[in-house]
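# Report on the structure
Now for the letters of each chain:
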Amino acid sequence: MFVSDCLSVNEKGHLTIGGVDTVELAATYGTPCYVVDEDKIRENCRAYVKSIEDNYAGNGLAIYASKAFNCKAMCKIVNEEKMGLDVVSGGELYTAISAGFPTDKIFFHGNNKTLDELEFAVRENVGRIVVDNMYELENVNREAKKQGKTVNVILRIKPGIDAHTHSFIMTGQIDSKFGFALETGEAMQGIKAAIAAENICLKGVHCHIGSQIFEVMPFEHAAEVMVKFMADIKAETGAELDELDLGGGFGIKYSDADKPLEYSEYMATVAGVLKSACEKYGVKTPFVIIEPGRSIAGSAGITLYTVGAVKEIPGVRNYVSIDGGMGDNPRYILYQATYEMVCANKADKAKDYKITLAGRCCESGDLIQENAMIQRVEPGDIVAVFSTGAYNYSMSSNYNRIPKPPVVMVSGGKARVVVKRETYEDIIRNDV
Ligand SMILES: *Cc1c(COP(=O)(O)O)cnc(C)c1O
């Protein structure tokens, strides 16, 4: 009935998440409010861990791409579920360390890590630095030398694959700011420089071909291209690399039009490709790393809002304004992301009202969705927008100096706050 099986309707006709009444959550914690189902997140983590065990003899590691949704509680869950963590900034790294995440299972990504971030990462002995470019390789080597260490590195490669997704979130092709290009020889040059670098230990190669991908084909193609490259590396340098990081990008359901893959299907297929490609090209099967982000947290989360003004413009559209907007969810304004929604306190009623769900920011473009179907809503009703567990809280801002909403986690029928609602005092905290 809904885009995620953690959502349902109770006997009062109210929407529930993880069995908890969302109307009660809105009353207890206020709106706007992010709610995530911890049990669903854990289930998703386990599915990835299990898929590597079942299909690849456990010779790999699933690491959570924490930019999707990061806070201390989330880092603890991911660690408990025996996954690694992908961070892309000093702030994400700091959050993970504050949560006690083992640094040897942290992978540090990013196309332009600052010198301070590299100093921090080397000092904290992060498991892998995923090096994006030649300039960064030199910086990592210099920093490692300064601290008297050898740093484990993976090189990010652009395998030249078009994953048929929205161009803003397509990163595997040559026209991308991320990684070393394969076609131009830049990648092989980077490999040789990494091997030659005194304070670097080159562990493997990485690629990430995009996001919200529904087909397994692009992943198969990427796996094949990367194994071939590992064989080329062996032929040209004699070095047989141990690790292959295939990135993330597994699609989730925002609407019924989306048909996500089973996590096990991805790994079953890709493991098969890896094994046959390794045989074909004469290299050993690598330790494999996958980096799901959105698919861990996305459909486990919703956002609750209270309806304010309802503006019906005859022959034009019906604007339903809520107490949140682009500050807590910039994805519609960024890339016209699709969302489904219900009126949480009328969830058993038919969705027969076509609306534009508008935010409260001073921007005409501050919309969460256009042409959306919902129950007939009035001021005071609670609206729940689905599939907001990933890239919502993590992309939120204080535009218009609106405090960020809290994050409430539900588990086993109980709720708890894992990120507090910001206050006005928080808003001026750094003002001098
Ligand atoms: C964003 C990102 C991911 C996660 O992508 P999802 O689409 O959220 O699964 C994984 N790896 C890298 C390097 C990324 O930049």
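Note that this is a predicted model, so its numbers are computed, not measured. In this convention, every chain numbers its residues from 1, walking through the sequence in written order. Per-residue local features are limited, in this predicted model, to residues with pLDDT of at least 70; the limit for side-chain atom pairs, both in listing and counting, is 80 or more; totals at the level of whole chains, interfaces and linings are taken over all residues. The side-chain quantities take in all heavy atoms of the structure and omit both hydrogens and water.

## Overview of the pairing of strand E6 (residues 84-87)
- Each residue's exposure class comes from its accessible area (1.4 Å probe, protein chains only) as a fraction of the maximum for that residue type: buried when under 20%, exposed when over 50%, partly exposed otherwise. Each helix corresponds to a stretch of at least 4 residues labelled H or I by DSSP, and each strand to a stretch of at least 2 residues labelled E; elements are numbered beginning at the N terminus. Burial of E6 is two-sided: the residues Gly84 and Asp86 facing one way and the residues Leu85 and Val87 facing the other way are all buried.
- Here a crossover is taken to be right-handed if, once the strands point away from the viewer, the path from the first strand over the helix to the second is traced clockwise. One crossover worth recording links strand E5 (residues 60-65) to the parallel E6 by way of helix H3 (residues 72-80), and it is right-handed.
- Strand pairing is assigned whenever DSSP detects at least two bridges linking the two strands. Summarising the sheet, E6 and strand E7 (residues 106-108) pair through three bridges and their orientation is parallel. Among the inter-strand pairings, valine 87 is bridged to a residue of E7, identified as phenylalanine 108.

## Quick notes on the side chain of glutamine 212
- As for its position among the elements, glutamine 212 is in the loop between strand E11 (200-206) and helix H8 (217-237).
- Under this definition, polar contacts are N or O atom pairs within 3.5 Å; protein pairs additionally need one hydrogen-donor-capable and one acceptor-capable atom, and for neighbouring residues in sequence, both atoms have to be side-chain atoms. Here the side chain of glutamine 212 touches isoleucine 252 through a polar contact of 2.8 Å, landing on its backbone oxygen.

## A short note on the packing of aromatic side chains
- In this analysis, rings of Phe, Tyr and Trp, with Trp reduced to its six-membered ring, are considered paired at centre separations within 6.5 Å, and the interplanar angle assigns stacked below 30 degrees, edge-to-face beyond 60, and tilted for intermediate values. Taken as a whole and judged by the stated rule, the model has nine aromatic pairs.
- Centre to centre, the rings of phenylalanine 250 and tyrosine 266 are 4.5 Å apart; their planes meet at 55°, and the pair counts as tilted. Here tyrosine 266 lies in helix H9 (residues 263-281) and phenylalanine 250 lies in the loop between strand E12 (243-245) and H9, a separation of 16 residues in the sequence. Neither residue differs from the other here; phenylalanine 250 and tyrosine 266 are each classed as buried.
- An aromatic cluster is built from Tyr48, Phe219, Phe250, Tyr263 and Tyr266, whose rings are joined through pairwise contacts.
- Charges are assigned to positions over rings by a cutoff of 6 Å between ring centre and Lys NZ or Arg CZ, combined with an angular limit of 35 degrees from the ring normal. The lysine or arginine in question, lysine 113, covers the ring of phenylalanine 108, its NZ or CZ lying 5.8 Å from the ring centre.

## A few points about the side chain of glutamine 369
- With respect to the helices and strands, the residue glutamine 369 is situated in strand E18 (residues 367-374).
- For glutamine 369, a relative accessible area of 7% puts it in the buried group.
- A distance of 3.0 Å separates a polar side-chain atom of glutamine 369 from the backbone oxygen of alanine 337.
- Here glutamine 369 is in contact with Tyr332, Ala337, Thr338, Tyr339, Met341, Ile355, Thr356 and Leu357, once residues within four sequence places are set aside. Note on contacts: a residue pair is in contact if any heavy atoms of the two residues lie within 4.5 Å.

## Examining the packing of helix H2 (residues 38-56) against H9
- Contact geometry of H2 with H9 gives a least axis separation of 9 Å together with a crossing angle of 30°. Put simply, H2 runs roughly parallel to H9. Viewed along their axes, H2 and H9 form a crossing whose handedness is right-handed. Along its contact with H2, which presents Asn44, Ala47, Tyr48, Ser51, Ile52, Asn55 and Tyr56, the element H9 presents Tyr263, Ser264, Met267, Ala268, Ala271, Leu274 and Lys275.
- Nonpolar residues are Ala, Val, Leu, Ile, Met, Phe, Trp, Tyr, Cys and Pro. Charged residues are Asp, Glu, Lys and Arg, and all others, Gly as well, are polar. When the residues that make up the contact of H2 with H9 are grouped by side-chain class, the tally is nine nonpolar, four polar and one charged. Here an angle of 0 to 180 degrees is reported between the N-to-C directions of two axes, which are lines fitted to C-alpha atoms, with helices fitted over the stretch in contact. Geometric relationships in this document are graded by angle, where less than 35 degrees denotes roughly parallel, more than 145 denotes roughly antiparallel, 65 to 115 denotes roughly perpendicular, and other angles denote oblique. Each crossing gets its handedness from the near helix: less than a right angle anticlockwise from the far helix is left-handed, clockwise is right-handed.

## Here's the deal with helix H1 (residues 22-29)
- By the burial criterion, the buried members of H1 are Thr22, Val23, Leu25 and Ala26. When H1 is viewed along its axis, its buried side chains cluster within an angular range of 160° and face the same direction. In this structure, H1 carries Ala27 and Thr28 as exposed residues pointing more than 90 degrees from its buried face.
- Residue aspartate 21 occupies the N-cap position of H1, its side-chain oxygen lying 2.8 Å from the main-chain nitrogen of valine 23.
- Glycine 30 lies just past H1 and shows a positive phi near 80°. As used here, the arc is the angular range of directions from the helix axis to the C-beta atoms.

## A word on the site of the ligand
- Here a residue counts as near a molecule or strand whenever at least one of its heavy atoms sits within 4 Å of it. As a matter of local geometry, the ligand sits amid 16 residues, with Lys67, Ser211, Glu291, Arg294 and Tyr391 nearest to it.
- Separating a nitrogen atom of the ligand from a side-chain N or O atom of aspartate 86 is a distance of 3.5 Å.
- Contact between the ligand and glutamate 291: a nitrogen atom at 2.6 Å from a side-chain N or O atom of the residue.
- Class assignment of the residues belonging to the shell around the ligand gives a composition of four nonpolar, seven polar and five charged.

## Some details on the domain arrangement of the protein
- When cut into domains, the protein gives domain 1 (7-37 + 298-428) and domain 2 (109-292).
- Each partner contributes residues to the interface: domain 1 has 10 residues there, and domain 2 has eight residues.
- Taken together, both faces of the contact between domain 1 and domain 2 bury some 770 Å²; the carbon and sulfur share is 56%.
- Looking at the side of domain 1 facing domain 2, the largest losses of area belong to Tyr335, Glu340 and Ser387, adding up to 50% of the total buried there. Residue ranges assigned to each domain were obtained from an automatic or database domain assignment. The buried area of a pairing is the accessible area, by a 1.4 Å probe, that goes missing from both parts when the two are put together, added over both.

## Re the environment of tyrosine 56
- Within the secondary structure layout, tyrosine 56 lies in helix H2.
- Along the chain, tyrosine 56 and glutamate 422 lie 366 residues apart, while their C-alpha atoms are 44 Å from each other.
- Setting aside residues no more than four positions away along its own chain, tyrosine 56 makes contact with Ser51, Met267, Ala271, Leu274, Lys275, Thr285, Pro286 and Val288.

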